[in-house]
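Residues per chain are reported as follows:
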Amino acid sequence: MAVADVAHAPIGHIHPPPETFVQKYVFSFDHKVIAVQYFITTGLFFVLAGLLAELMRAQLAGPNNHVLSVTTYNEAYTVHGSAMVWLVIIPVLTGAFGNLVMPLQIGARDVAFPWLNMFSFWLLPPAGIFLFGSFLLGAPEAGWTEYPPISLQEPAGTSMWCVAIFLIGVSSTITGINFLVTIIKMRAPGMTWTRMPLFVWATAVTAFLSFIATANLSAALAALFIERVFNVPFYDPSRGGSPVVWQHVFWFYSHPAVYIMILPAFGIVSEIIPTFARRPIFGYKAIAYSSTAIGLMSFMVWAHHMFTSGLAQWVQLPFMALTMLIAVPTGIKVFSWVATLWAGKIRLASPLLFVLGFLSTFTFGGITGIFLASVPVDIHEHATYFVVAHLHYVLFGGSIFGIFAGLYFWWPKMTGRMLDERLAKLHFWLMFVSFNATFLPMHWIGLFGMPRRVATYDPIYGETNLFISISAFVLGASFIVFAYNALKSAMNGEASGPNPWGARTLEWMIPSPPPYYNFDRIPIVLAGPYDYGQPLPYRDVPPEYLTARPLH
Amino acid sequence: MGVISALGMWGVVVFPIDHFLKEAAQPAGDIDWLFRFMSFFSVPILVYVNGFLIYFAIRYRKRPADSMEAVGSPIHDHHALEAWWTAIPAVLMLALGLLSYRVLPEYYGAQASTVTMEAIGHKWDFEFRYPGLKQSVYNDLYLPVNVPVTMDITSSEVKEEDAVIHSFWVPEFRVKQDMVPGMVVPIHFTPDVVGTYRIICTEFCGLGHSDMWGKVHVVSQSDFDAWFSKQQHQAASAGPSVQLNHGDAAAGQALFQQKCSTCHNAAPFDQKKVGPGLADLFDDPKHPMLVDGKKADPADAAAILEKGYSGVMGTMPNMQANGLSPADIANLIAYLQTLRK
């Protein structure tokens, strides 16, 4: 047990904690501080990108509104989409949740490369400045996919967009490598792969995807930037380039990116359900291995975004088949989660409520994904509001519901204080109802002829759009409830204690918020984390933390 | 839950898709059938997942009598159950894949077609070329009913700034194909219900994207022949001459808002949108470069409206593409003259 002996060294022998304000809170190496930095930064971007969405809905409330000019409207949806994908969902799930939870769950004192972790975070604020700053030079207008040749003809803001997304790509790649090394090398003694918490499994697969896939996006962006600034024709068809090349390389990244945006949410769900159902997760290995299967398959389905781009039929068929095949491991996960609720002793606290919302909306989004996988049906639905609806059911109904479930779940660990449960439940119901009211009708108008990315539209869709806009405003307002709740908790929230939910993973075996360097002694892991009713499977955890018991 | 599922499945089978969105061409019926097939099996999945979520959350909730240490069943897995919920979706996916594969050739497979034509996307017009017709038709597509069509779909690449991706979509036909510059993709369909339907661009193509739509008129063979010979006749006669003196400035202003204001401001030259501002068209010394270095007069402006423009200032479509009649041009010129300082 040589490894365990080294890990057992008292922390005084390692590093003294930082003392200056800048070391502590600005250029911190501490994964927990970096996680909070990610939360605050992405939270700010979420508000900005959300406000852009509300502006768009104001424009779309009537068929021929002039709330925004056509150009501003186009800029708004492009920056909204780009910011939500790259500045909010990806960094909050990897940078924020990954940093906050993963090292604690594997019993590590930090990530493998703390300096790189800090560097990776500090690429985010300049990326945000470049992306939102692009409005000054004329923001990109062609949507978050920025297909050339139109993206070659746009004003200088599009070059800023390239730089912003490139920075995020670098950040994402670095974090991927960092997390992979951390998970492979720094698990506490005794934590075998099949004793890892499922959030760590999800983070490992996500890190692998970020590490492998993101470089392709960087290459595509570099080529777009070079073509725009130095006039080297990669994509311009009138000078021998091919616009379809961008689509292939972009989606070769962006389909795995869809899973980068959902797998960590799967991980969050897999932690919350057994905790609140008070019983082992159903099918641990099935969930862990299906995450891996989804991760690998995500590299083989990119062209399903391009069924109307003029691909040959023999290219479309394998992509259709593989896309449909992904439904199988995804179904296994959903059914296993539902089965975990069976015969539990369920505490319907706010994290679980958000997870139930997640399961309901994500299942719907997954099924409309199958509708889009079938080539003939996709040909009709592609680039309509049906796709807008599907995407929001997966990325909002999936990722954002998962993010808020995780926030409510780990908030006490992060801050040492509880959130108000009544406000949390109000937030959930407002968000769940207005989310469905906003995005469900979009399927309808998309199927019946409304294309996406238009500032004005046929008046026959007027009433539905007005309803959608009103719902979208309520949806936006629901987040004010969360902001108020967070503020109230920070001011005078009830102290949470180390383990308010009675969970069994390692992050709950230390005080809240965790001390600098997390573990006095690295614990030794004896079994998997989900055996509710059994004694806790850890050695060297101080006895006061071993009496895991929910607060309420 | 069984009852709700059955009701939902029955609803899917009898739902009148055709009532909300006509099935007006050959692949439409088959695609709607596939859509129904998927909806049919989606309903029970949704009902059972949501139903069990709600049922379990209520049935197995912690009750006040339960102690804080109470836990649920210790069961970790159940292999038979897991095998079922892996196998059933896999079989459904296989079936769906095969059924989708069966429908596909209707778009892409070669078939005997009696009309082969071209569709070309421009900023922001659909151009259609018929065999045997010298000039193109813009935005108003005429097709004879029950005649298979092969349409070669592409985008303009005459001028670099005109070359962008558009998409040709007729919702009532369930037909969509991106118009990619440098690529020609043939698609097949057979319109089978007489009527007028929308053609919509679904790929973002710039400022005019929201307004880029046209109409497809599916007409009887005899109506089609009549329309076609009228087009041929028009092509044979000389281009329309414009009477500039009788324009109506008010009508021109309305037309300007409708047709021109996407690209042009009624403001000084420098306030460009896509093209220059047109407020002082006939006086500003910067404008004459539009017409070969001379100062513009109404006849020059009318010539640009009629023939379009392509040069240092950019590209402007001609009167056919913009859907302007000679009278419209006269009205527009009359309106532009009222904007003089």
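A quick note: this is a predicted structure, and the numbers were derived from the prediction, not measured. Residue numbers restart at each chain and count upward from 1, following the sequence in its written direction. As a convention, the first chain written is A and the first ligand written is 1, with the rest following in written order. Selection of residues for local features in this predicted model requires a pLDDT of at least 70, selection of side-chain atom pairs for listing and counting requires 80 or more, and totals for whole chains, interfaces and linings are taken over all residues.

A few words now on the overall build of chain B. Secondary structure follows DSSP: runs of H or I at least 4 residues long count as helices, runs of E at least 2 residues long count as strands, and numbering of each begins at the N terminus. Each helix and strand in chain B was counted, giving 10 helices and 12 strands. In this scheme every C-beta is placed from the backbone, and a residue whose C-beta has 20 or more other C-beta atoms within 10 Å is buried, one with 12 or fewer is exposed, and one in between is partly exposed. The burial tally for chain B puts 33% of its 341 residues in the buried class. A fraction of 68% describes how many contacts in chain B between residues 6 or more apart in sequence connect residues 24 or more apart. Our contact criterion uses C-beta atoms placed from the backbone: two residues qualify when those atoms are within 7 Å.

Helix and strand content of chain A: 18 helices and 2 strands. As defined in this context, the radius of gyration uses C-alpha atoms, and a globule is described by 2.2 Å times the residue total to the power 0.38. Computed over the C-alpha atoms, the radius of gyration of chain A is 23 Å, within 12% of the 24 Å expected from 2.2 N^0.38 for a compact globule of 552 residues. By principal-axis analysis of the C-alpha atoms, chain A measures approximately 70 × 50 × 50 Å. Burial status across chain A gives 62% buried among its 552 residues. Of the contacts made within chain A by residues no fewer than 6 positions apart, 82% connect residues no fewer than 24 positions apart.

Below, the discussion takes up the confidence of the model for chain B. Fine structural detail should not be taken from predicted coordinates in areas where pLDDT scores are low. In the predicted model, chain B carries a mean pLDDT of 85, and 89% of its residues have values of at least 70. Scoring the predicted complex yields pTM 0.89 and, for the interface, ipTM 0.90. Confidence scores here are pLDDT values: one per residue, from the predictor, ranging 0 to 100.

Turning next to the sheet that holds strand β4 (residues 140–144) of chain B. Residues and elements named next belong to chain B. Strands pair, by our definition, only if DSSP identifies at least two bridges between them. Ordered in space as β4-β10-β9-β6-β7, the 5 strands form an open sheet in which the pairing is mixed. One side of each edge strand has no neighbouring strand; the edge strands of this open sheet are β4 and β7 (175–179). Strand-to-strand, the axes of this sheet are offset by a mean angle of 20°, without reference to chain direction. A fitted line through C-alpha atoms serves as each axis, taken over the contacting stretch for helices, and the angle formed by two N-to-C directions is quoted from 0 to 180°.

Next up on the list: the interface of chain B and chain A. Between chain B and chain A, the residue contacts involve 71 residues of the former and 74 residues of the latter. For the side of chain B that touches chain A, the element with the highest residue contribution is helix α3 (residues 26–59) of chain B, accounting for 14 residues. Tallied by class, the residues present in the side of chain B that touches chain A amount to 42 nonpolar, 15 polar and 14 charged. Only Asp, Glu, Lys and Arg are considered charged in this grouping, and only Ala, Val, Leu, Ile, Met, Phe, Trp, Tyr, Cys and Pro are considered nonpolar; every other residue, Gly among them, is considered polar.

Attention shifts here to the packing of helix α10 (residues 263–277) of chain A against helix α15 (residues 385–415) of chain A. All names here are of chain A. It is at 9 Å that the axes of α10 and α15 come closest, and there the two elements cross at 45°. Relative to α15, the element α10 lies oblique. Here α10 runs over α15; the crossing is left-handed. On α15, the residues that touch Ala265, Ile268, Val269 and Ile272 of α10 are Gly398, Ser399, Gly402, Ile403, Ala405, Gly406 and Phe409. For the contact of α10 with α15, the residue count by class is 7 nonpolar, 4 polar and no charged. For classification purposes, angles smaller than 35 degrees are called roughly parallel, those larger than 145 roughly antiparallel, those between 65 and 115 roughly perpendicular, and all remaining angles oblique. By convention, the crossing between two helices is left-handed when the near helix turns anticlockwise from the far helix through less than a right angle, and right-handed when the turn is clockwise.

All names here are of chain B. Put simply, helix α1 (residues 2–14) and α3 touch, their axes get as near as 9 Å, and they point 165° apart. One element, α1, and the other, α3, form an angle in the roughly antiparallel class. Our pair here, α1 against α3, has a crossing hand that is right-handed. Contacts between α1 and α3 involve Ile4, Ser5, Gly8, Met9, Val12 and Val13 on the former and, on the latter, Arg36, Ser39, Phe40, Val43, Pro44 and Val47.

Before going further, it helps to spend a moment on the sheet that holds strand β2 (residues 125–129) of chain B. Residues and elements named next belong to chain B. With respect to topology, 5 strands assemble into an open sheet ordered β3-β2-β1-β5-β8, the strand pairing being mixed. A strand with exactly one partner marks an edge of an open sheet, and here the two such strands are β3 (137–138) and β8 (185–189). Where strand β1 (residues 115–122) meets strand β5 (residues 149–155), 7 bridges bridge the pair, whose relative direction is parallel. Bridge pairing in β5 places Thr116 opposite Thr150.

Any set of buried Ala, Val, Leu, Ile, Met, Phe, Trp, Tyr and Cys residues joined through C-beta atoms within 7 Å is what this text calls a nonpolar core. By size, the foremost hydrophobic cluster in this structure holds 242 residues, and its most contacted members are Val269, Val355 and Ala405 of chain A. The contacts of Val269 of chain A, once residues within four sequence positions are left out, are Trp337, Val355, Phe358, Gly402 and Ala405 of chain A.

Checked against the element boundaries, Gly143 of chain A lands in the loop between α6 (124–137) and α7 (157–185). With 20 C-beta atoms counted inside 10 Å, the residue Gly143 of chain A sits in the buried group. Each C-alpha atom of the pair Gly143 of chain A and Glu75 of chain A lies 8.0 Å from the other, and the pair is 68 residues apart in sequence. If near-sequence neighbours (up to four positions away) are discounted, Gly143 of chain A is found in contact with Tyr77, Thr78, Gly81 and Arg453 of chain A together with Phe204 of chain B.

Each neighbour pair has its own omega, and for Pro148 of chain A with Pro149 of chain A the value is 5°, a cis peptide bond. Tracing the backbone shows Pro149 of chain A in the loop between α6 and α7. Geometrically, the link from Lys123 of chain B to Trp124 of chain B is a cis peptide bond, its omega value of -10° lying close to zero. Considering the arrangement of structural elements, one finds Trp124 of chain B in the loop between β1 and β2. At Glu146 of chain A, a residue that is not glycine, the phi angle is positive and equals roughly 45°. Glu146 of chain A gets classed as buried once you count the C-beta atoms within 10 Å, which come to 25. Positive phi outside glycine occurs at Asn146 of chain B, with the angle close to 65°. Note that Asn146 of chain B resides in the loop between β4 and β5. Given 14 C-beta atoms within a 10 Å radius, Asn146 of chain B is considered partly exposed.

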